[in-house]
There are 2 protein chains.
Amino acid sequence: MVSLAQSILGAPGAQQRRAIAKAITLLESTRGDHRTQADALLTDLLPHTGTSFRLGISGVPGVGKSTFIEALGLALIAQGHRVAVLAIDPSSSVSGGSILGDKTRMEHLSVHPQAYIRPSPASGTLGGVAAKTREAMLVCEAAGYDIVIVETVGVGQSETAVSGMTDMFVLLQLPNAGDDLQAIKKGVMELADLVVINKADIDPDAATRAQAQITSALRILGQHGRADHAHHDESQWHPQVLQLSALKGQGIDRFWQAVTRFRQLQEANGKLAARRRHQSLDWMWERIESGLRQAFRQHAGVKSLLPQLTKEVEQGRIAASTAARQLLQAMQQK
Amino acid sequence: MVSLAQSILGAPGAQQRRAIAKAITLLESTRGDHRTQADALLTDLLPHTGTSFRLGISGVPGVGKSTFIEALGLALIAQGHRVAVLAIDPSSSVSGGSILGDKTRMEHLSVHPQAYIRPSPASGTLGGVAAKTREAMLVCEAAGYDIVIVETVGVGQSETAVSGMTDMFVLLQLPNAGDDLQAIKKGVMELADLVVINKADIDPDAATRAQAQITSALRILGQHGRADHAHHDESQWHPQVLQLSALKGQGIDRFWQAVTRFRQLQEANGKLAARRRHQSLDWMWERIESGLRQAFRQHAGVKSLLPQLTKEVEQGRIAASTAARQLLQAMQQK
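Computed from a predicted model, the values in this text were never measured in an experiment.

Hey, could you run me through the overall build of chain A in this one?
Scanning chain A from N- to C-terminus turns up 14 helices and seven strands. A burial count over chain A gives 53% of its 334 residues as buried. Taking the contacts inside chain A whose residues are at least 6 apart along the sequence as the reference set, 74% of them involve residues at least 24 apart. Of the roughly 14700 Å² of accessible surface on chain A, 53% is carried by carbon and sulfur atoms.

Please clarify how the interface of chain A and chain B should be interpreted in this entry.
Interfaces are often sized by the accessible area lost when the parts come together. Contact residues are listed per partner, giving 50 residues for chain A and 50 residues for chain B. Between chain A and chain B, roughly 4400 Å² of surface is buried when both sides are summed, and carbon and sulfur atoms account for 71% of that area. Salt-bridge contacts for arginine 325 of chain B lead to aspartate 39 of chain A; the nearest nitrogen and oxygen are separated by 2.5 Å. Applying the counting criterion to the chain A and chain B interface returns eight residue pairs in polar contact (both at pLDDT 80 or more).

It is not clear to me how the pattern of salt bridges should be interpreted in this structure. Could you clarify?
For the coordinates displayed, the defined rule picks out 26 salt bridges over all chains. Between glutamate 141 of chain B and arginine 54 of chain B there is a salt bridge, with the nearest N and O atoms lying 2.5 Å from each other. Of this pair, glutamate 141 of chain B sits in helix H7 (residues 126–142) while arginine 54 of chain B sits in strand E1 (residues 53–58), and the two are 87 residues apart along the sequence. Residue glutamate 141 of chain B is classed as buried on the basis of its relative accessible area, which comes to 3%. A residue is classified by how much of its surface remains accessible, and arginine 54 of chain B, at 7% relative accessible area, is buried. Residues joined in a network through salt bridges with shared partners are Arg35, Asp39 and Glu135 of chain A together with Arg325 of chain B.

Just checking my understanding: could you explain the sheet that holds strand E4 (residues 147–152) of chain A for this structure?
Hydrogen bonding along the main chain pairs the strands of a sheet, whether they run parallel or antiparallel. All names here are of chain A. The strand order across the open sheet built from seven strands is E3-E2-E4-E1-E5-E6-E7, with neighbouring strands paired in parallel fashion. The sheet is open, and its two edges are formed by strand E3 (115–118) and strand E7 (240–243), each paired on a single side. Strand-to-strand twist in this sheet, taken as the mean axis angle between neighbours without regard to direction, amounts to 20°. In terms of strand pairing, strand E2 (residues 83–88) meets E4 through six bridges, oriented parallel. Across the sheet, the residue bridging to alanine 87 is glutamate 151, located in E4.

Can you help me understand the relation of the copies chain A and chain B in this one?
Note on the identical chains: chain A maps onto chain B by a rotation of 180° and an axial translation of 0.1 Å, with an RMSD of 0.1 Å. Such values leave the two copies arranged in the relation of a two-fold axis. Most of the interface of chain A is mirrored in chain B, where 100% of its interface residues again form contacts.

Explanation requested: the packing of helix H7 (residues 126–142) of chain A against helix H12 (residues 271–298) of chain A in the structure shown.
What describes two packed helices is the angle between their axes and the distance between those same axes. Residues and elements named next belong to chain A. Running from N to C, H7 and H12 cross one another at 135°; their axes reach a closest spacing of 11 Å. Of the possible angle classes, the one that applies to H7 and H12 is oblique. In terms of crossing hand, the pair formed by H7 and H12 is left-handed. Listed contacts from H12 to Gly127, Gly128, Ala130, Ala131 and Arg134 of H7 are Gln279, Ser280, Trp283, Glu286 and Arg287. Here the residues of the contact of H7 with H12 are counted per class, giving three nonpolar, four polar and three charged.

Please clarify how helix H2 (residues 13–28) of chain A should be interpreted in this entry.
The periodicity of an α-helix, 3.6 residues per turn, causes residues three or four places apart in sequence to face the same way. Residue and element names in this part refer to chain A. For H2, spanning 16 residues, the distance from its first C-alpha to its last is 23 Å, which sits close to the expected 22 Å at 1.5 Å a residue. By the burial criterion, the buried members of H2 are Gln16, Ala19, Ile20, Ala23, Ile24, Leu26 and Leu27. Along the long axis of H2, the arc covered by the buried residues comes to 155°, so they all point the same way. Exposed and facing more than 90 degrees away from the buried side of H2 are Ala14, Arg18 and Lys22. On its buried face, H2 sits against helix H1 (4–10), helix H3 (32–45), E3 and H7.

Sorry, what's going on with the pairing of E3 of chain A here?
Both faces of the sheet carry side chains from a regular strand, because those side chains alternate between them. Residue and element names in this part refer to chain A. Burial of E3 is two-sided: the residues Ala115 and Ile117 facing one way and the residues Tyr116 and Arg118 facing the other way are all buried. Pairing between E2 and E3: four bridges, direction parallel. Bridging across to E3, leucine 86 finds its partner in arginine 118.

Would you take a moment to explain the sheet that holds strand E5 (residues 168–173) of chain B for this structure?
Residue and element names in this part refer to chain B. With parallel pairing, the seven strands of this open sheet are ordered in space as E3-E2-E4-E1-E5-E6-E7. Single-partner strands in this sheet number two, and they are strand E3 (115–118) and strand E7 (240–243). Taking each pair of neighbouring strands and ignoring which way they run, the sheet shows an average axis angle of 20°. Strands E1, strand E2 (83–88), E3 and strand E4 (147–152) of the sheet are contacted by H7, whose axis makes an angle of about 170° with E2.

Reading guide: rules and limits
Residues numbered from 1 in each chain as written. Chains lettered and ligands numbered in written order. Predicted model: local features only at pLDDT ≥ 70, side-chain atom pairs only at ≥ 80, totals over all residues. Heavy atoms only, no water. Helix = DSSP H or I, 4+ residues; strand = E, 2+ residues; numbered from the N terminus. Buried < 20%, exposed > 50% of the residue type's maximum accessible area, 1.4 Å probe, protein only. Contact = heavy atoms within 4.5 Å. Areas by Shrake-Rupley, 256 points an atom, 1.4 Å probe, with all protein chains shown as cover. Buried area = accessible area lost by both parts, 1.4 Å probe. Salt bridge = Lys/Arg side-chain N within 4 Å of Asp/Glu carboxyl O. Polar contact = N/O pair within 3.5 Å; in protein donor to acceptor, adjacent residues only side chain to side chain. Pairing = 2+ DSSP bridges. Axes fitted to C-alpha atoms, helices over the stretch in contact; angles between N-to-C directions. Least-squares fit on C-alpha atoms with pLDDT ≥ 70 in both. Parallel < 35°, antiparallel > 145°, perpendicular 65-115°, else oblique. Left-handed = near helix turned anticlockwise from the far one by under 90°. Nonpolar A, V, L, I, M, F, W, Y, C, P; charged D, E, K, R; others polar. Expected span 1.5 Å × (residues − 1). Arc of directions from axis to C-beta.

As structure tokens, then:
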């Protein structure tokens, strides 16, 4: 009998696609025995991952992410790539359904045999959604998708999560002044390796102004934070701003040239490998802390004390640190 | 025999001062029996806390924090207040000694009978340093210091820690363009209830330019984040920018008028009480998560697995999520 891992690694077309879907469903399951199988599967697949390029894409609703990803995906497939598109939308469980990675919004890409599109997992926390997407990314890589795109809409800290699992983080902006300050404020601009001003054809003057503003902001942010920017070292990547129109298909080539240049530099100077090592360790600790919090909240002794202690802390009748110590002690007793 | 709590609450002058010092030393101890005594002490003192005003002050080295706090502290004492000054400096254990809250830098305030100055605890992590400072703050409040100033130099996330334990957070800036962008980038500007441009006498034109820039930045940051800014509601506080010269004692009065206005508004609109409730709960959870991490790292099963699994995750031989689950399982088995 052919194992699930074998089907993912080598089955033809539709059969492989079914195996990927089955694997991702397994990864998303909360059942204990499924989790054990999923871990075994990941360990089998892991030697076949890591050769893909992982591209993170974020932007506010209306910026044109789906149109951009469809245009980019089709262009990449025409060059011989296989493209997987995954999504992180922590709001999906609240809003009752994710629009991200929605197949109906990428009508040509979604039916293409060389593309695999998966919407955001619908579970609750950002950490949980991100964890499942990260594992789904490994499955797609093992299946031979050499470009994996992870998109998010920028709810809460989802940009940080996407930037923390990809090789390059691209921020899509509209040609609007003021959007850039919002992105700086949220710390998203700093995460961006490349900023794309989409819909540049609608108002070329505004797009050019936005490009100048964001270029200047990136320079200032870079100056303070990173010493390597001072001398414009050619072996290092310097965040850039591009204009394009995804709807008209203008600028997609130039975008991919920039991505390719980024990848070459980061591979040559060792930063791509270092980024992945750090991401893996950060990820391990993020999952550990999430697991510790969950075990704490589910502990019977904690459950019985927490409501009362929370009230006493709020009312100032017990010091927060004392309450924390009492709860931690309750957890240690059996 | 008079208890430590009684001495803190009611002993005269030097005797109370010794009791405070003894209590803070107890709070900073890592011995288990000391911790039990410290918790009992905090619970005794807690009903006598909460009536002080807690003022957080941050700024880069050289901005003139000590000069400012000395001038402010002496002015407040002249008005009949009792002033405690505490410091958070997570770098002190690295640099081999804290300059923050250094008594030699506040020569008049430090010897004043109505002032109590305590340098930063010298322990390692920001969380640990902040926890001890927060508890020391409660001791000072119980001892009748009605103004508690907590200062920090802005290493890592120390501004967030100070803002998370005070009623009002004040950011000291130099009259330099560009400093404001750095503060926006770090997310510190957003924490500020009041921005003070110190050393304004040295270059009045630069100070006025900086004031205009920061005022504009605060307005833009406020517009996006807080709907209540749109109508300039008079019952709400709107972050302000002041110029002063601490060295020449110019502007200290106006600064304290702004603080008093802030306090009146926040008490009237209920935000002061709400902020303290949230701070206490955040603090409880921060301490719980820190305790969980510590218990995890000290667990024998985890200790024996962690180095090998860390290496395998770094080398891509095991998925980060799988490693995390193995470590969490190791912790649950006894």
